[in-house]
Amino acid sequence: MPIYPDATAEEVAALVSQTLEAAGIKATLSGGGAVCIYSDNEYTSRDLDFVTSERRDRLSAALMPLGFALAGDRRHFTHPDTDLFLEFPAAPLSFGNRVVQQDDIPRLETPWGALRIVTPTLCVMDRLAAFWHWRDRQSWDQAVLVAGRQNVDYDELAAFAKDEGVNPGVIDKLRDQAGR
């Protein structure tokens, strides 16, 4: 399936995920791309962050058949037919002080095939960590969007808050704002 100009983030992410898996590369979609998918595109992101420990040369070789090429900044992979670009933050996959193993990430079945993506609960953890540690208000809003549309584990989120040194009561505020 080729990448076309109107392809959604979910379509491109699923295709990239399957291509990397076929090349023996474990990479998990996280960050804004996950928020985009879990918020039903209410939040949009131009970049798809796949966390991996793989080297750039192996990523380049795997992505070349899809038409992605390493950009001049040597950080992003771009494609001539889409505004979406790929980034590959270095493993481990972590949210605040919590580290998650790639093998513990389930695959989401999409209409375009399997996608290795953080769970909705991990996605909310990621956004909360950005909010708490960087005072990024947009990350709080993204956490609310995801929690409002997906089933998340609020007990797990409260434990995460406590582990991060944050009053777990903030999770009640999240639940209220998410309408759950």
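Please read all numbers here as calculations on a predicted model, not as lab measurements.

(A) Structural context of the overall build of the chain. In terms of helices and strands, the chain carries seven helices and nine strands. In terms of overall size, the chain behaves like a compact globule, its C-alpha atoms giving a radius of gyration of 16 Å where 180 residues would be expected to give roughly 16 Å. The dimensions of the chain, computed from C-alpha atoms along their principal axes, are 50 × 30 × 30 Å. Considering the chain as a whole, with its 180 residues, one finds that 52% of them fall into the buried category. Looking at the chain alone, contacts between residues at least 24 apart form 65% of all its contacts between residues at least 6 apart.

(B) Looking closely at the pattern of salt bridges. Here the structure, examined in full by the defined rule, presents 12 salt bridges. Glu54 is the salt-bridge partner of Arg58, the closest N and O atoms lying 2.9 Å from each other. For the salt bridge of Arg137 with Asp141, the shortest nitrogen-to-oxygen distance reads 3.4 Å. One end of the pair is Arg137 and the other is Asp141, both in helix α5 (residues 137-149) and four residues apart, which spans about a single turn. Judged by its relative accessible area of 45%, Arg137 is partly exposed.

(C) Molecular detail of the packing of α5 against helix α7 (residues 170-178). Put simply, α5 and α7 touch, their axes get as near as 8 Å, and they point 65° apart. As α5 packs across α7, the resulting crossing turns out to be right-handed. Across from Trp140, Ala143, Val144, Ala147 and Gly148 in α5, the residues of α7 making contact are Val170, Lys173, Leu174, Gln177 and Ala178.

(D) Here's a closer look at unusual backbone geometry. Of note, the amide linkage connecting Ala91 to Pro92 takes the cis form, showing an omega dihedral of 15°. The residue Pro92 is located in the loop between β5 (82-87) and β6 (93-95) in this model. Although it is not a glycine, Arg74 adopts a positive phi angle of roughly 65°.

(E) Spatial organisation of the sheet that holds strand β3 (residues 69-70). Strand order in the open sheet formed by five strands is β1-β2-β5-β4-β3, and the pairing between neighbours is mixed. Either end of the sheet is taken by a strand with one partner, and the two such strands are β1 (28-30) and β3. In terms of strand pairing, strand β2 (residues 47-51) meets β5 through three bridges, oriented parallel. Residue pairing for β5: Asp47 is matched across the bridge by Phe85. The sheet contacts of helix α3 (residues 56-63) involve β3, β4 (76-79) and β5, and relative to β4 the element is tilted by about 15°.

(F) Region of the structure containing the pairing of strand β9 (residues 113-116). In terms of strand pairing, strand β8 (residues 107-110) meets β9 through four bridges, oriented antiparallel. Each residue of the ladder has a partner; that of Glu109, found in β9, is Ala114.

Cut-offs used in this document
Residues numbered from 1 in each chain as written. Predicted model: local features only at pLDDT ≥ 70, side-chain atom pairs only at ≥ 80, totals over all residues. Heavy atoms only, no water. Helix = DSSP H or I, 4+ residues; strand = E, 2+ residues; numbered from the N terminus. Rg over C-alpha atoms; globule rule 2.2 N^0.38 Å. Buried < 20%, exposed > 50% of the residue type's maximum accessible area, 1.4 Å probe, protein only. Contact = heavy atoms within 4.5 Å. Salt bridge = Lys/Arg side-chain N within 4 Å of Asp/Glu carboxyl O. Axes fitted to C-alpha atoms, helices over the stretch in contact; angles between N-to-C directions. Left-handed = near helix turned anticlockwise from the far one by under 90°. Pairing = 2+ DSSP bridges.

By themselves, these figures tell us nothing about what the structure is for.
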